[in-house]
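Survey of secondary and tertiary structure
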Amino acid sequence: MSIVVENLSKRFGTFQAVSDVSFEVPTGQLVALLGPSGSGKSTILRIIAGLEDPDTGRVSLTGEDATSVPVQRRGVGFVFQHYALFRHMTVRQNVAFGLEVRKKPKAEIDEKVDRLLKLVQLYGYADRYPSQLSGGQRQRVALARSLAPEPRVLLLDEPFGALDARVRDELRAWLRKLHDEVHVTSLFVTHDQQEAFEVSDQVVVLNHGRVEQYGPPQELYERPVSPFVAQFLGQVNALPLRALWNPQILNQNPVDAAFGAEVLKSDEAVYVRPHDLDIHREPSSRPCWRGTINRLTPLGGIVRIELSISGDNGLQIDLPRDQQLALGLAQGEDVFISPRLVTTIGGSSEPSADLAGKFYTI
Amino acid sequence: MAINQALTGEPNGFNRMSASKWGSLPIGRWLLMTVVIGWFAVLILVPTVALARQAFAAGLAPLGRAMASDEFLRAFGMTIGITLVAVVVNTIFGVCFALVLVRQRFWCKTLADGLVDLPFAISPVVTGLMLVVLYGPDGWIGRYLEAGGFKVVYALPGMILATLFVTLPFVVRGVVPVLQEFGVDQVEAAYILGAGRWVTFWRVTLPSIRWGLAYSVLLLIARSLGEFGAVMVVSGNLLGHTQTATLYVHDGIEGFRPEGAYAASLLLAAVSFFMLIGMGTLRKRVKTSKQT
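Starting afresh in each chain, residues are numbered from 1 along the sequence in its written order. For this description, chains carry letters from A and ligands carry numbers from 1, given in the order in which they are written. In keeping with the model being predicted, local features are shown solely for residues with a pLDDT of at least 70 and side-chain atom pairs are shown and tallied solely at 80 or more, while totals for entire chains, interfaces and linings include all residues. As a rule here, side-chain values cover all heavy atoms of the structure and leave hydrogens and water aside.

The next subject is the overall build of chain B. Helix and strand content of chain B: 15 helices and zero strands. Pairs at least 24 residues apart make up 69% of the contacts formed inside chain B by residues separated by at least 6 positions. Only carbon and sulfur atoms are counted for the fraction: they give 71% of the accessible area of chain B, which is about 16,700 Å². Put simply, DSSP marks the helices as runs of H or I at least four residues long and the strands as runs of E at least two long, and each gets a number from the N terminus on. The contact rule is simple, with two residues in contact once any of their heavy atoms fall within 4.5 Å. Accessible surface is estimated by sampling points in the Shrake-Rupley manner with a 1.4 Å probe; for residues, cover comes only from the protein chains shown.

Each helix and strand in chain A was counted, giving 11 helices and 20 strands. Only protein chains enter the accessibility calculation, which uses a 1.4 Å probe. A residue is then buried if its area is under 20% of the maximum for its type, exposed if over 50%, and partly exposed in between. Scored against the burial criterion, the 362 residues of chain A give a buried share of 52%. Look at the contacts in chain A between residues 6 or more apart in sequence, and 66% of them connect residues 24 or more apart. Of the roughly 15,900 Å² of accessible surface on chain A, a fraction of 48% belongs to carbon and sulfur atoms. Of the side-chain charges in chain A, 39 are positive and 44 negative, and the distance between the mean point of each set is 7 Å. In this tally, Lys and Arg are treated as positive and Asp and Glu as negative; His is ignored, and so are the chain termini. One atom stands in for each charge, and that atom is NZ of Lys, CZ of Arg, CG of Asp or CD of Glu.

Moving on to the confidence of the model for chain A. Confidence per residue, as judged by the predictor, is encoded in pLDDT with a range of 0 to 100. Of all residues in chain A, 90% have pLDDT values of 70 or greater, and the mean over the chain is 86. The low-confidence segment residues 347–353 of chain A (pLDDT under 50) makes six contacts with residues lying over four places distant or belonging to another chain.

Time to look at the side chain of Gln186(B). Residue position: Gln186(B) is located in helix 11 (residues 185–192). By relative accessible area, which is 5% here, Gln186(B) ends up buried.

Residues and elements named next belong to chain A. The pairing criterion for strands is at least two bridges between them, as found by DSSP. As defined by bridge partners, strand 1 (residues 3–12) adjoins strand 4 (residues 56–61) across five bridges and the pair is classed as antiparallel. The residue of strand 4 that forms the bridge with Val-4 is Ser-60. Sheet analysis places strand 4 next to strand 5 (residues 64–65), joined by two bridges and oriented antiparallel. By the bridge assignment for strand 5, Ser-60 is matched with Asp-65. The loop that links strand 4 with its antiparallel partner strand 5 comprises two residues; one of these, Thr-62, has a positive phi angle of about 40°.

Between 30 and 60 degrees the pair is tilted, below 30 it is stacked and above 60 it is edge-to-face, where a pair is any two Phe, Tyr or Trp rings, Trp via its six-membered ring, whose centres lie within 6.5 Å. In the structure shown here, the tally under the stated rule is 12 aromatic pairs over all chains. On the numbers, 6.4 Å between centres and 65° between planes, the contact of Phe23(A) with Tyr214(A) is edge-to-face. Of this pair, Phe23(A) sits in strand 2 (residues 15–25) while Tyr214(A) sits in strand 10 (residues 210–215), and the two are 191 residues apart along the sequence. Among the aromatic residues, ring-to-ring pairing joins Phe72(B), Phe76(B) and Tyr248(B) into one connected group. The aromatic ring of Tyr123(A) is capped on one face by Lys118(A), whose charged end is 4.8 Å from the ring centroid. The criterion for a charge sitting over a ring is simple: Lys NZ or Arg CZ within 6 Å of the ring centre, and within 35 degrees of the ring normal. The ring of Trp174(A) has Arg140(A) lying over it, and the distance from NZ or CZ to the ring centre is 5.9 Å.

Residues and elements named next belong to chain A. Pairing is antiparallel across the open sheet formed by four strands, whose spatial order is 2-1-4-5. What marks the edges here is a single partner per strand, and that holds for strand 2 and strand 5. With seven bridges joining them, strand 1 and strand 2 adopt antiparallel strand pairing. Looking across to strand 2, one finds that Val-4 is bridged to Glu-24. Its contacts with the sheet put helix 1 (residues 41–49) on strand 1, strand 2 and strand 4, and the angle it makes with strand 1 is roughly 115°. To define axes, lines are fitted to C-alpha atoms, for helices over the stretch in contact only, and angles between the resulting N-to-C directions are given on a 0 to 180 degree scale.

On to the domain arrangement of chain B, then. Here the limits of each domain have been adopted from an automatic or database domain assignment. The domain architecture assigned to chain B consists of domain 1 (25–54) and domain 2 (62–291). For domain 1 of chain B versus domain 2 of chain B, the separation of C-alpha centres amounts to 31 Å.

We now examine the packing of helix 2 (residues 91–100) of chain A against helix 4 (residues 135–147) of chain A. Residues and elements named next belong to chain A. Between helix 2 and helix 4, whose axes approach to 7 Å, the crossing angle comes to 30°. Classified by the interaxial angle, the pair formed by helix 2 and helix 4 is roughly parallel. In this structure, the crossing between helix 2 and helix 4 has a hand that is right-handed. The residues of helix 4 that touch helix 2, namely those facing Val-91, Asn-94 and Val-95, are Val-141, Ala-144 and Arg-145. Convention used here: angles under 35 degrees read as roughly parallel, angles over 145 as roughly antiparallel, angles from 65 to 115 as roughly perpendicular, and any remaining angle as oblique. By convention, the crossing between two helices is left-handed when the near helix turns anticlockwise from the far helix through less than a right angle, and right-handed when the turn is clockwise.

Here we take up the sheet that holds strand 3 (residues 30–34) of chain A. Residues and elements named next belong to chain A. Strands sit in the order 6-7-8-3-9-10 across an open sheet of six strands; the sheet is mixed. Where the open sheet ends on each side, the last strands, each with one partner, are strand 6 (76–79) and strand 10. Averaged over all adjacent pairs, the angle separating strand axes in this sheet is 20°, with direction ignored. Two elements, strand 7 (residues 153–157) and strand 8 (residues 185–190), share five bridges in a ladder whose sense is parallel. Bridge pairing links Asp-157 to Val-189 in strand 8.

Take a nonpolar patch on the surface next. Only residues whose relative accessible area exceeds 30% and that take part in no salt bridge are eligible for patches, with like-charged residues grouped when within 9 Å of each other and nonpolar side chains (Val, Leu, Ile, Met, Phe, Trp, Tyr) grouped when within 5 Å. Any carboxyl oxygen of Asp or Glu that lies within 4 Å of a side-chain nitrogen of Lys or Arg is treated as forming a salt bridge with it. On the surface, Trp39(B), Phe40(B), Val42(B), Leu43(B), Ile44(B), Leu45(B), Val46(B) and Val49(B) cluster together to form a nonpolar patch covering roughly 810 Å² of accessible area. One can find Val42(B) in helix 3 (residues 27–56).

If you look at the interface, chain B gives 22 residues, while chain A gives 25 residues. Here's the idea: put two parts together, see how much 1.4 Å probe accessible area each one loses, and the total over both is what we call buried area. Between chain B and chain A, roughly 2,000 Å² of surface is buried when both sides are summed, and carbon and sulfur atoms account for 61% of that area. The interface formed by chain B and chain A holds two salt bridges in total. Identification of polar contacts relies on pairs of N or O atoms within 3.5 Å, with a donor-acceptor requirement for protein atoms, meaning one able to donate a hydrogen and the other able to accept it, and with residues adjacent in sequence counted only if both atoms are side-chain atoms. The interface formed by chain B and chain A holds five residue pairs in polar contact (both at pLDDT 80 or more) in total. Elements represented by at least two residues in the side of chain B that touches chain A include exactly helix 11, helix 12 (197–226) and helix 15 (258–291) of chain B.

Residue and element names in this part refer to chain A. Within the element layout of this structure, Glu-222 appears in helix 7 (residues 217–222). Overall, Glu-222 belongs to the partly exposed group, its relative accessible area being 33%. Between the alpha carbons of Glu-222 and Ala-49 there is a distance of 32 Å; along the sequence they are 173 residues apart.

Looking now at the environment of Gly280(B). Within the secondary structure layout, Gly280(B) lies in helix 15. Counting along the chain gives 65 residues from Gly280(B) to Tyr215(B), while the straight-line C-alpha distance between them is 9.1 Å.

Here is the structure:
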């Protein structure tokens, strides 16, 4: 394990930024710290870097306790959201800085800076100043600078947050490629779940300074352990079970089919992703709910359909455009909806043991 | 340069307006400009010209003689010496103080922040009096120092102290906003790259605040050269001994030796002129370094 964080806590005044956070980043992996703003993700990164001291807890880097090692000797690389390039230095001087303060021989510095500038595809820009570069180029210089002293781990704090959407997409793909070449253990902070999914091997989901869930992106998406994770990672329909317990609107209740009729009296909710729902004009043999279309929003390749089932329960379906056209759906029409995947999540108000974390294909 | 102009739009826009619309300015604008320029002339231009005229009225010979006199040279030597000390001490202190104010949190921060401006608020004469009360022959500290044979007031140390006090706020006030603008990102980046505090200060922080600092130091020098009130009170104004350039001008007027006063004034004014040019250049530098 390259980065091990144990029971980390940090309080700023009355604000508990981080509480009892533990996780591990395996050697060579790229892991994302994902959470909304104020969830403590940047604070955790700064504690690992040594820029903040934790109130309690330990940080280990490549097997050594680093909790009390000063920032200069932790051997981490850090990429800031706003680049933090030295504005009065050229690109070359920026990248060389970490080697110069370590008093490396000049020939070695020159050779290494050249190599890194080629790696980040900025070889021709060595004598420019940061103000003469675009945002994406600046962030690549920042990355080269952080890699120059050969850090044990690389930490990236919302590295693409200040860039516009297209450059962000390019850089994401490029970072993933770079990581596959360099293989430095990396931890990066983001609030963008798509970014976390695209780039990382594993994702740590944070909320209110706590770890909600840790795992590969697809697993978090398919088997969230809390309503927060389900709702933070992409769109999801949360349907309160009690509200669905209304036999009059049912053909055969899909929840009934999946979990048994008893479940419908519990306080829990079931979660269905918008693309895990099928829509029909006539009741089929599959269990389905009856619904009314409230609104159709074309979003390019898909159409977002908002419906209400069982009275006021809103439901959102993402349907491929051609399917919507084939069915000829329009606002105000009654349709039948059958889910393909239904998930329950334990641990909301009253976790019921037999329901927690179940995952059904219907 | 062209990009800068396009971005700010300032020089281009201004030229266009002044070139094409000069003749068709509405009466209100004409009036405003006349008042502004007239006021400027009456208050600043005319007195300056008058001084120069009067100084050169008797030809260059008396001026040259005054400038070659021992008292004149000593007075300027003293002013330059005191200014040098003030620049060195208050630059170092000012940068330290600004760093503490911007980057540290402590309980009396607001108080300290406010008190830095005290020398601006207090009349220099009062400053001089404070120093006399403290360091004078019968002063709280002065009586012990004088007993030990160390004269502060009516001697060079007192004059230096007075100038230090009066010029203290310049660097602090000039550097604090630049440091705030600079932030801590680059400092943290340097730390993470392995640089210690000292290296980070010299290689990252100082180069980033240099133009703001230079501007403040220039203001400090101008104030120090022109300081009169506080130094007057603590110096005793002993001819050729504790006399600075401004005190020399004062003495010249009082003692009916106007050539000396003219010569010293001209020299001080010339120095000020060059410093104004320097300030203008530096202000531009500060501005552009903020943009990048």
